[in-house]
Each structure stands twice: as C-alpha cells, then as structure tokens.
Amino acid sequence: MLWAKAASNAVPFGTLFSLVGLWFCVSVPLVLVGAVFGYKRPAIEHPLAISQIPRSIPLQKWYLRPPVTVILAGIIPFGAAFIELFFILSSLWLNKFYYVFGFLALVGIILTITCAEISIVMTYFQLCYEDYHWWWRSFFISGCSGLHLFLYSIFYFITTLKIKNFWSALLYFSWMGVLSYVFAVVTGTIGFLATFVFVRKIYSALKVD
C-alpha cells in the first residue's frame, strides 16, 4: 500500500525480508526451546483436591454475567492510563515531543496495580456466587481495556486528526488495532497472573477434613 503511494515511510523489501528472516530464525527456535523447558518442569499442583464431576453453576445476576463484567470492569484499567493517552497519541501521530517519562512510569505502575486489583475483585465476587469459570474471565476483565483503547482511538481520529485520505486512515486504524491488541494482552496477562496467585492463596488456606 505504501509502496504504491510512493510514501517516504514505506519499508524497503529487503528490510521486510530481513524482519521475516529474524522471525523464523530467532523467534521460532526460542519458542521451541521454551516449550522443551516447559514440558520438563513439573506440573502445577492444585492446593485442594478437585472433583471430576463439575458442579452446576447457579443462575447469575445480570451484573455478574461475563459481557457485563468484562466491558464495565475494563473501563477502570483504561481510566488509569487515559490521562496519558492523548499525549502519547499526539507524539505518535502529530510529531509532538513527549518528555514526561517519569510520569509515564508512574502511570504504568498505577495501571499494573489497577489491572491486578480489578481482576482479583471481580473474580472474588464471581467465586462467591459459585461460578468457578474464572480463568479466561480474569484475563478479559483487565484485557478489555484494549477494546476501550481502540474506541478512544476512533474518538481521537474524529476529533483531533484531519485525515481525509482512505489509505492514511487505514494505516492509522491498522496500527492502532495492533497497539490495542498488545495493550489488551499485557493488561490481561497482569490480571490473570494476579488472580491466579490470589485464588491459589485463598484455597490453600482452606482445610478440608
């Protein structure tokens, strides 16, 4: 697309080929090595004995159903980083200087704590109502902030950017889609790991006679 438009930021074919070569020559072997070491490690043991017969889950209230909890709870991690998003997007798309990296680090710490706390709290309420399907929901609760980031990028595109060309708009939304996906994976991973530690901690404290 950029080659057809003779854009100055179009990646040369040789550079693109080199990136693909690095992917297959570096990333793929590292994945295989990591898989080998992972299979050699002992399996994670549960703190309590698990029944082979799954229990029936009671009918959940509307505000505890997955679509509601995921979408609404995802606003909180997004709100923690919202204050810096305008300046970051302006630096990326309007060529403005960004120099408050200390404050950005503080926002990153607050975002990490917020992702962990909101996933733990929502999972705790879910377990209190006897819904034990918490694995993926704990990931999506904080990971849904990536969806809110993409929605904000649409708002930013309409209100701030003056892009009229179709290909430029397509390039913008493509990169923002990638950025939102990465943001969702990072925040979701933080939420899941924190919830995983929390659930193991509370269940390991139980004593079953």
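Residues numbered from 1 in each chain as written. Predicted model: local features only at pLDDT ≥ 70, side-chain atom pairs only at ≥ 80, totals over all residues. Heavy atoms only, no water.

Moving on, we get to the overall build of the chain. From N to C terminus, the chain includes seven helices and zero strands. Reading the chain from its N terminus to its C terminus gives the helix and strand order α-α-α-α-α-α-α. The C-alpha atoms of the chain give 22 Å as radius of gyration, which overshoots the globular expectation for 209 residues (17 Å, by more than 25%). The dimensions of the chain, computed from C-alpha atoms along their principal axes, are 70 × 40 × 35 Å. Looking at the chain as a whole, 29% of its 209 residues are labelled buried. When the accessible surface of the chain is totalled, it reaches about 14,700 Å², and 74% of it is carbon and sulfur. Side chains of the chain carry 13 positive and 6 negative charges; the gap between the two charge centres is 13 Å. (Helix = DSSP H or I, 4+ residues; strand = E, 2+ residues; numbered from the N terminus. Rg over C-alpha atoms; globule rule 2.2 N^0.38 Å. Buried < 20%, exposed > 50% of the residue type's maximum accessible area, 1.4 Å probe, protein only. Areas by Shrake-Rupley, 256 points an atom, 1.4 Å probe, with all protein chains shown as cover. Lys, Arg positive; Asp, Glu negative; His and termini not counted. Charge placed at Lys NZ, Arg CZ, Asp CG, Glu CD.)

Here Thr 69 is to be found in helix 2 (residues 66–73). Classification of Thr 69 by relative accessible area gives buried; the value is 3%. Within the local environment of Thr 69, its side chain forms a polar contact with the backbone oxygen of Pro 66, the two atoms lying 3.1 Å apart. (Polar contact = N/O pair within 3.5 Å; in protein donor to acceptor, adjacent residues only side chain to side chain.)

Where nonpolar side chains cluster on the molecular surface, the patch consists of Leu 16, Leu 19, Val 20, Leu 22, Trp 23, Phe 24, Val 26, Val 28, Leu 30 and Leu 32 and spans about 970 Å² of accessible area. Looking at the secondary structure, you find Leu 30 in helix 1 (residues 13–40). On the accessibility criterion, Leu 30 (56% relative accessible area) is exposed. (Patch = residues over 30% accessible without salt bridge, like charges linked within 9 Å, V, L, I, M, F, W, Y side chains within 5 Å. Salt bridge = Lys/Arg side-chain N within 4 Å of Asp/Glu carboxyl O.)

It is at 13 Å that the axes of helix 3 (residues 75–93) and helix 7 (residues 166–204) come closest, and there the two elements cross at 140°. By the angle class used here, helix 3 and helix 7 are oblique. The hand of the helix 3/helix 7 crossing is right-handed. Note on element contacts: helix 7 touches helix 3 through Leu 171, Tyr 172, Trp 175, Met 176 and Phe 183, opposite Ala 81, Leu 89 and Trp 93. (Axes fitted to C-alpha atoms, helices over the stretch in contact; angles between N-to-C directions. Parallel < 35°, antiparallel > 145°, perpendicular 65-115°, else oblique. Left-handed = near helix turned anticlockwise from the far one by under 90°. Contact = heavy atoms within 4.5 Å.)

This part covers helix 7. With 39 residues, helix 7 should cover 57 Å at 1.5 Å per step; its first-to-last C-alpha distance of 56 Å lies within 8% of that length. Among the residues of helix 7, the N-terminal cap falls to Asn 165, whose side-chain oxygen and the backbone nitrogen of Ser 168 are separated by 3.1 Å. (Expected span 1.5 Å × (residues − 1).)

For the largest pocket, the calculated volume is near 780 Å³. For the largest pocket, the lining is made up of 20 residues, of which Ala 49, Ile 50, Tyr 132, Trp 134 and Tyr 203 are closest to its centre. Considering each element in turn, the lining of the largest pocket owes the most residues, four residues, to helix 7. Considered class by class, the residues forming the lining of the largest pocket number 14 nonpolar, two polar and four charged. (1 Å grid on protein atoms, 1.4 Å probe; cavity = no way out; pocket = protein on both sides within 12 Å on 5 of 7 lines; lining within 4 Å. Points joined across faces, edges and corners; volume = space filled by probe spheres on them. Nonpolar A, V, L, I, M, F, W, Y, C, P; charged D, E, K, R; others polar.)

Take empty space enclosed by the protein next. For the structure on display, the rule yields one cavity of 30 Å³ or more. Of the volumes computed, that of the largest cavity is approximately 30 Å³. Every residue lining the largest cavity is listed: Leu 64, Thr 69, Met 122, Gln 126, Arg 137 and Ile 141. Secondary structure elements with two or more residues in the lining of the largest cavity: helix 4 (101–128) and helix 5 (135–143).

Right, let's talk about the confidence of the model for the chain for a bit. Summing up the model confidence of the chain, the mean pLDDT is 85 and the portion of residues at 70 or higher is 93%. For the chain, per-element mean pLDDT is lowest for helix 1, which scores 84, and highest for helix 6 (residues 145–159), which scores 93. (pLDDT = per-residue confidence, 0-100.)

With respect to the element layout, Gln 126 can be found in helix 4. Residue classification places Gln 126 among the buried residues on the basis of a relative accessible area of 2%. Not counting residues within four places of it along the chain, the set of residues in contact with Gln 126 comprises Asp 131, Tyr 132, His 133, Trp 134 and Arg 137.

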